Amino acid sequence: MTLPISSLANMEFTLYGGASGNMNCPSYINGYRAGSLSSYYNPYMYSMANQNSWRPNQALNINQGISQNSNSNTTATKGSNIDILTDYYAKNLEPSESLASAVIMGGVFGALMMNPRYIAHPINSFKGLKDVKEMFKSVKVDGSDLNKLWKENPTVMQDAYFRMHKAASRANSKIGLFIKRYTDAEYKELKKIMQEALDSKDIQKIAEASKKLDNAYISNGYVAKGISKIKGALGFDSKMATVAEKIADNKGIKEGAEALIKKNGMSYLSRFKHSLGGKMAILFAGIEMLMNIGKIKTAFQHDKENPNGEKLGMKQLGQTTVKAVGNTLGWAAGEAAGIWAATKLGASIGTAFGPGVGTVIGGVAGLIGGSIGMWLAGKATKSIVGDDVANKVEAKKLAQTPEGKAQLLTLVAEKVQKNEEVPQNVMFAAQNVAATLS
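Read on for an overview of the structure. Fair warning: this is a prediction, and the values are worked out from it, not measured in the lab. (Residues numbered from 1 in each chain as written. Predicted model: local features only at pLDDT ≥ 70, side-chain atom pairs only at ≥ 80, totals over all residues. Heavy atoms only, no water.)

Before going further, it helps to examine the overall build of the protein chain. In terms of regular secondary structure, the protein chain is built from 22 helices and zero strands. Counting only residues that meet the buried cut, the protein chain has 43% of its 438 residues in that class. Counting contacts in the protein chain only where the partners sit at least 6 residues apart, residues at least 24 apart contribute 72% of the total. When the accessible area of the protein chain is evaluated, it comes to approximately 23600 Å², of which 60% is carbon and sulfur surface. (Helix = DSSP H or I, 4+ residues; strand = E, 2+ residues; numbered from the N terminus. Buried < 20%, exposed > 50% of the residue type's maximum accessible area, 1.4 Å probe, protein only. Contact = heavy atoms within 4.5 Å. Areas by Shrake-Rupley, 256 points an atom, 1.4 Å probe, with all protein chains shown as cover.)

So, on to the nonpolar core. Buried together is how nonpolar side chains tend to be arranged in soluble globular proteins. Counting residues in each nonpolar core, the largest one holds 33 residues, and the members touching the most others are Phe136, Met157, Met164, Met194, Leu198 and Ile206. Per element, the largest residue contribution to this core is seven residues, and it comes from helix H9 (residues 154–170). Dropping the residues within four chain positions of it, Met157 is found in contact with Phe136, Leu146, Leu149, Trp150, Leu198, Ile203 and Ile206. Counting residues in hydrophobic clusters, the runner-up holds 21 residues, among them Tyr89, Leu408, Val416 and Leu437. (Core = buried A, V, L, I, M, F, W, Y, C linked by side-chain atoms within 4.5 Å.)

Moving on, we get to the pattern of salt bridges. Summed over the entire model, instances satisfying the criterion amount to twelve salt bridges. Between Asp87 and Lys392 there is a salt bridge, with its nearest N and O atoms 2.6 Å apart. With Asp87 in helix H3 (residues 74–91) and Lys392 in helix H20 (residues 389–398), the pair connects residues that are 305 residues apart, well separated along the chain. On the basis of relative accessible area, Lys392 is assigned to the partly exposed category, the value being 30%. The network of salt bridges with shared partners includes Asp159, Arg163 and Asp214. (Salt bridge = Lys/Arg side-chain N within 4 Å of Asp/Glu carboxyl O.)

What follows concerns the layout of surface pockets. Unoccupied space between atoms shows up once a probe the size of one water molecule is rolled over them. Of the volumes computed, that of the second largest pocket is approximately 810 Å³. What lines the second largest pocket is a set of 24 residues, and nearest its centre among them are Glu94, Pro95, Glu97, Glu288 and Gly378. Of all elements in the fold, only helix H4 (99–114), helix H16 (279–291), helix H18 (313–353) and helix H19 (355–385) reach the threshold of two or more residues within the lining of the second largest pocket. Ranked by the residues each element gives to the lining of the second largest pocket, the list is headed by H19, at seven residues. Looking at the lining of the second largest pocket, its residues break down into eight nonpolar, seven polar and nine charged. (1 Å grid on protein atoms, 1.4 Å probe; cavity = no way out; pocket = protein on both sides within 12 Å on 5 of 7 lines; lining within 4 Å. Points joined across faces, edges and corners; volume = space filled by probe spheres on them. Nonpolar A, V, L, I, M, F, W, Y, C, P; charged D, E, K, R; others polar.)

Phi at Lys201 is positive, roughly 60°, even though this residue is not glycine. Its place among the elements puts Lys201 in the loop between helix H10 (184–200) and helix H11 (203–216). Here Lys201 falls in the partly exposed class, since its relative accessible area comes to 43%. Even without glycine at this site, Asn419 takes up a positive phi of about 60°. With respect to the helices and strands, Asn419 occurs in the loop between helix H21 (402–417) and helix H22 (424–436).

Turning our eyes to something else, we now look at H19. A rise of 1.5 Å per residue sets the reference length of H19, with its 31 residues, at 45 Å; its end C-alpha atoms lie 45 Å apart and thus fit the reference within 8%. A positive phi of about 80° marks Gly386, the residue just after H19. (Expected span 1.5 Å × (residues − 1).)

Looking at where Ser383 falls in the secondary structure, it is placed in helix H19. Looking at Ser383, its side chain comes within polar contact range of the main-chain oxygen of Ala380, at 2.6 Å. (Polar contact = N/O pair within 3.5 Å; in protein donor to acceptor, adjacent residues only side chain to side chain.)

Turning next to the packing of aromatic side chains. Both the distance between ring centres and the angle between the ring planes are used here to describe each pair of aromatic rings. Scanning the model with the defined rule gives three aromatic pairs in all. Measuring from centroid to centroid gives 5.2 Å for Phe136 and Tyr161, while their planes differ by 70°, and the two rings are edge-to-face. Here the residue Phe136 occupies a position in the loop between helix H7 (129–135) and helix H8 (145–152), and Tyr161 occupies one in helix H9, the gap between them amounting to 25 residues. Classification of Tyr161 by relative accessible area gives buried; the value is 9%. Here Tyr182 and Tyr217 contribute two aromatic rings whose centre-to-centre distance is 6.5 Å and whose plane-to-plane angle is 85°, an arrangement assigned as edge-to-face. Of this pair, Tyr182 sits in the loop between H9 and H10 while Tyr217 sits in the loop between H11 and helix H12 (222–233); the two residues are 35 residues apart in sequence, bridging distant segments of the chain. What makes Tyr182 buried here is its relative accessible area of 1%. By relative accessible area, Tyr217 is classed as partly exposed at 23%. Residue placement shows Lys166 over the ring face of Tyr217; its charged tip is 4.0 Å from the ring centre. (Phe/Tyr/Trp six-rings, centres within 6.5 Å; stacked < 30°, edge-to-face > 60°. Lys NZ or Arg CZ within 6 Å of the ring centre and 35° of its normal.)

Contact geometry for helix H17 (residues 293–305) and H20: axes closest at 9 Å, N-to-C directions at 65°. Here H17 is positioned roughly perpendicular relative to H20, judged by the angle of their axes. Considering only the axes of H17 and H20, their crossing is left-handed. Here Lys295, Thr298, His302 and Glu305 of H17 lie close against H20, whose contacting residues are Ala390, Asn391, Val393, Glu394 and Lys397. Grouping the amino acids of the contact of H17 with H20 by side-chain chemistry returns two nonpolar, three polar and four charged. (Axes fitted to C-alpha atoms, helices over the stretch in contact; angles between N-to-C directions. Parallel < 35°, antiparallel > 145°, perpendicular 65-115°, else oblique. Left-handed = near helix turned anticlockwise from the far one by under 90°.)

Within the element layout of this structure, Thr381 appears in helix H19. Overall, Thr381 belongs to the buried group, its relative accessible area being 9%. Among the polar contacts made by the side chain of Thr381, one reaches the main-chain carbonyl oxygen of Gly378 at a distance of 3.1 Å. Leave out the neighbours within four places in its chain, and Thr381 touches Val322, Lys323, Gly326 and Gly386.

Attention shifts here to a nonpolar patch on the surface. On the surface, Ile175, Leu177, Phe178, Tyr222, Val223 and Ile227 cluster together to form a nonpolar patch covering roughly 660 Å² of accessible area. Tracing the backbone through its elements, the reader meets Tyr222 in helix H12. We classify Tyr222 as exposed; its relative accessible area is 56%. (Patch = residues over 30% accessible without salt bridge, like charges linked within 9 Å, V, L, I, M, F, W, Y side chains within 5 Å.)

Take a look at the structure:
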């Protein structure tokens, strides 16, 4: 890996007389492309804007670069170049996410992760819209009973629509690996429960119907049956509840319905407390710690190898912990804000655009808000703790070998080929280091 880079770098010195940041000049750093120029003579003598314009300062700069590399303290120059490259490499080890990416992750991938049935059974999900659309069609009719209920209790009504759509989708044919399709009798009973609740115009009964449908959504596919048989063979209780039994089971239904109704009037602070202890907030904190275990080990290994040097192990552990806490707080704050806003706007959205649209927006609002909150928290924690110290350790280790230096150079080359902005001093350092590999 080292020899080709060295040979190419020597060729560049022979052709051009030194290192340059001129990206119209084909070189290792820019993937040997001539930029926007279709033809050129000496790229140091012609500007990109006007190929007929003589630019003597370009040649002067290169000659100064040659002189510096040839006559000045070689060790200091190399060290300076390597330091620039290691700093640049270390900073680019930190993943960068845009606000748009955070929104997309929360809205699209988050929704699909929370509702894998849309991926597993998209046709069934589409078919399920027919019955549920008919049941909730009067939501858009101004002044109707369902219209009033949706405006007053958007959280409960969104949940009712969501549960009914799941049931209607499951009534269609499926392989049954994890869950079997509802029989006609089971689906008719579930539909009857929801329809009677909607006809009652009683929000308590509607909330109870939602919980009843949720209770009946059991795992009874081939996988579940296989696990049940294994449990029976080992002497454990292997009895599987049926859909009919879960429909008849009213345990916890009333309490669950009341908790659902209370969500309509929850304050932002209450929602934040609820989100703070939620699975998603804890999950992202755990992911942050898990993804940085390698960095923590690297930092502590540095301390072991350099007993008299700067102690980086505890510093890296502290940086990771702060980021994990930031993820938790950011997600909780953002999710609470998203759900709170969706609750406030849910009545208008559902009654204006339809219960399906209102339910979808209400379902992803928390995920989008949480993603944005975590993105903002990431920016804040980075400004507090700075770049991970383990990144610099890793970069310095690479700089100790020719293969590692080639990896540092590869990062710069990739950035240039993607038309990403690279600082001029990094460009010069990269070409100088490439020229010194032998």
